[in-house]
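As a plain string of letters, each chain reads:
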Amino acid sequence: MTITIGIMCFILSLVLFMQFRSVKEADITNIKLKREDELQEDLADWKEKYEDTVAKLEDTRNKINEYKQKAENNQETSELLNQELNQTNISLGKTDVEGEGVIIVLQDKEKEVTASDLLDLVNELKQAGAEAISINDQRVTSLTDIVDVDEYTYINMERTYSPFTVKVIGNRKYLEAGLTAKGGFVDSMEKNGKTAVVTGENNVQIFKYNKEFKTKSMKIES
């Protein structure tokens, strides 16, 4: 009887042990499976966040490149506009300029120097490649008027007197050669009882036209 009870206890203990082991293994397996699922979910979340971050980073880079291109284009456009504006101001005589050229002094001798003499000189200087001209520090522009009124000469509506100092910027060799050649302006002035002295200079300074340009007939087309 004792042996039978002992055997039954042993068998019962063995069964209980097997059941406990099965439950324990099942719990461990569930825990592992649960952790793997959670890790997969976490991994999926991080992957999604990473891809979203990469997309935002790429979008930001594209925007930065776009801004850089626009900035460069704006800078190039601004520089080009400034160059064109400066060139226009120079052409209109709205800036002080300096450079090589000649200085011509016209003076009465037997006869007076007239507006017609000054106009002839200006035209000859332009043909010789003059880049800037002033007469008694009055800048000569495309709208400059040179006229005689009574015994006075007016340049840009300013009264001026002889002697007339004409400053010219341009290739000094061409200018000197054209003015002093036989039959040229200096020769013509001497024959007409007036004097014209030409001096080549390495640095001639000419002041800007200091008045507003006013037009009566011209207007911008709409």
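Further up the page is the structure itself.
We now turn to the structure provided with this report. (Residues numbered from 1 in each chain as written. Predicted model: local features only at pLDDT ≥ 70, side-chain atom pairs only at ≥ 80, totals over all residues. Heavy atoms only, no water.)

Right, let's talk about the packing of helix H2 (residues 115–127) against helix H3 (residues 172–180) for a bit. Contact geometry of H2 with H3 gives a least axis separation of 10 Å together with a crossing angle of 135 degrees. In terms of axis orientation, H2 runs oblique to H3. As H2 packs across H3, the resulting crossing turns out to be right-handed. Contacts from Leu-121, Glu-124 and Leu-125 of H2 reach H3 at Leu-175, Gly-178 and Leu-179. In the contact of H2 with H3, the residues fall into 4 nonpolar, 1 polar and 1 charged. (Axes fitted to C-alpha atoms, helices over the stretch in contact; angles between N-to-C directions. Helix = DSSP H or I, 4+ residues; strand = E, 2+ residues; numbered from the N terminus. Parallel < 35°, antiparallel > 145°, perpendicular 65-115°, else oblique. Left-handed = near helix turned anticlockwise from the far one by under 90°. Contact = heavy atoms within 4.5 Å. Nonpolar A, V, L, I, M, F, W, Y, C, P; charged D, E, K, R; others polar.)

Further remarks concern a negative patch on the surface. Together, Asp-108, Glu-112, Asp-148, Asp-150 and Glu-151 make up a negatively charged patch on the protein surface. Tracing the backbone through its elements, the reader meets Asp-148 in strand E4 (residues 146–149). (Patch = residues over 30% accessible without salt bridge, like charges linked within 9 Å, V, L, I, M, F, W, Y side chains within 5 Å. Areas by Shrake-Rupley, 256 points an atom, 1.4 Å probe, with all protein chains shown as cover. Salt bridge = Lys/Arg side-chain N within 4 Å of Asp/Glu carboxyl O. Lys, Arg positive; Asp, Glu negative; His and termini not counted. Charge placed at Lys NZ, Arg CZ, Asp CG, Glu CD.)

Here the focus is the sheet that holds strand E2 (residues 132–135). Strand order in the open sheet made by the 5 strands is E3-E2-E7-E1-E8, with antiparallel pairing throughout. The strands lining the two open edges of the sheet, one partner per strand, are strand E3 (138–139) and strand E8 (194–206). On top of the sheet, H2 reaches strand E1 (97–108), E2, strand E7 (164–169) and E8; it is set at about 165 degrees to E2, its chief contact. (Pairing = 2+ DSSP bridges.)

On to the pairing of E4, then. Where E4 and strand E5 (residues 152–155) come together, 4 bridges link them in antiparallel fashion. Considered in E5, the bridge of Ile-146 is made with Ile-155. Linking E4 back to E5 in an antiparallel pair, the connection comprises 2 residues, with Asp-150 at a positive phi of about 60 degrees.

Once that is clear, we can look at the pattern of salt bridges. Pairing between side chains of opposite charge can happen when their charged atoms approach one another. Inspection of the entire model under this criterion finds 4 salt bridges. Here Asp-117 and Lys-194 are joined by a salt bridge, their closest N and O atoms 2.6 Å apart. Pair noted here: Asp-117 is in helix H2 and Lys-194 is in strand E8, with a separation of 77 residues, a long-range link. Residue class for Lys-194 comes out buried when judged on its relative accessible area of 8%. (Buried < 20%, exposed > 50% of the residue type's maximum accessible area, 1.4 Å probe, protein only.)

Time to look at the packing of aromatic side chains. Counted according to the given criterion, the structure contains 1 aromatic pair. On the numbers, 5.9 Å between centres and 85 degrees between planes, the contact of Tyr-152 with Tyr-161 is edge-to-face. A relative accessible area of 24% means that Tyr-152 is categorised as partly exposed. Tyr-161 gets classed as partly exposed once you look at its relative accessible area, which sits at 46%. For the cation-ring pair, Arg-159 lies above Tyr-152, with the distance from its terminal atom to the ring centre recorded as 4.0 Å. (Phe/Tyr/Trp six-rings, centres within 6.5 Å; stacked < 30°, edge-to-face > 60°. Lys NZ or Arg CZ within 6 Å of the ring centre and 35° of its normal.)

Moving on, we come to the sheet that holds strand E6 (residues 158–160). Pairing is antiparallel in the open sheet, where 3 strands are placed in the order E4-E5-E6. For this open sheet the edge positions go to E4 and E6, each flanked by a neighbour on one side alone. Each adjacent strand pair in this sheet contributes to an overall mean axis angle of 35 degrees, direction not counted. Here E5 runs beside E6; their pairing, made up of 3 bridges, is antiparallel.

Bringing H2 into the picture now. The end-to-end C-alpha distance of H2, which contains 13 residues, comes to 18 Å, matching closely the 18 Å that a straight helix rising 1.5 Å per residue would cover. Inspection of H2 places Ala-115, Asp-117, Leu-118, Leu-121, Val-122 and Leu-125 among the buried residues, and these make up the whole buried set. Take H2 and look down its axis: the buried residues cluster within an arc of 155 degrees, on one side only. (Expected span 1.5 Å × (residues − 1). Arc of directions from axis to C-beta.)

Moving on to the nonpolar core. By size, the foremost hydrophobic cluster in this structure holds 25 residues, and its most contacted members are Ile-104, Leu-106, Leu-125, Ile-135, Val-168 and Leu-179. Every element with two or more residues in this core is listed here: E1, H2, E2, E7, H3, helix H4 (185–191) and E8. At 5 residues, H2 tops the list of elements feeding residues into this core. Discounting chain neighbours no more than four positions away, the residues touching Val-168 are Glu-100, Gly-101, Val-102, Ile-104, Leu-125, Ala-130, Ala-132, Ile-133, Leu-175, Val-204 and Ile-206. In this structure, Val-97, Ile-169, Val-204 and Ile-206 belong to the second largest nonpolar core, which totals 5 residues. (Core = buried A, V, L, I, M, F, W, Y, C linked by side-chain atoms within 4.5 Å.)

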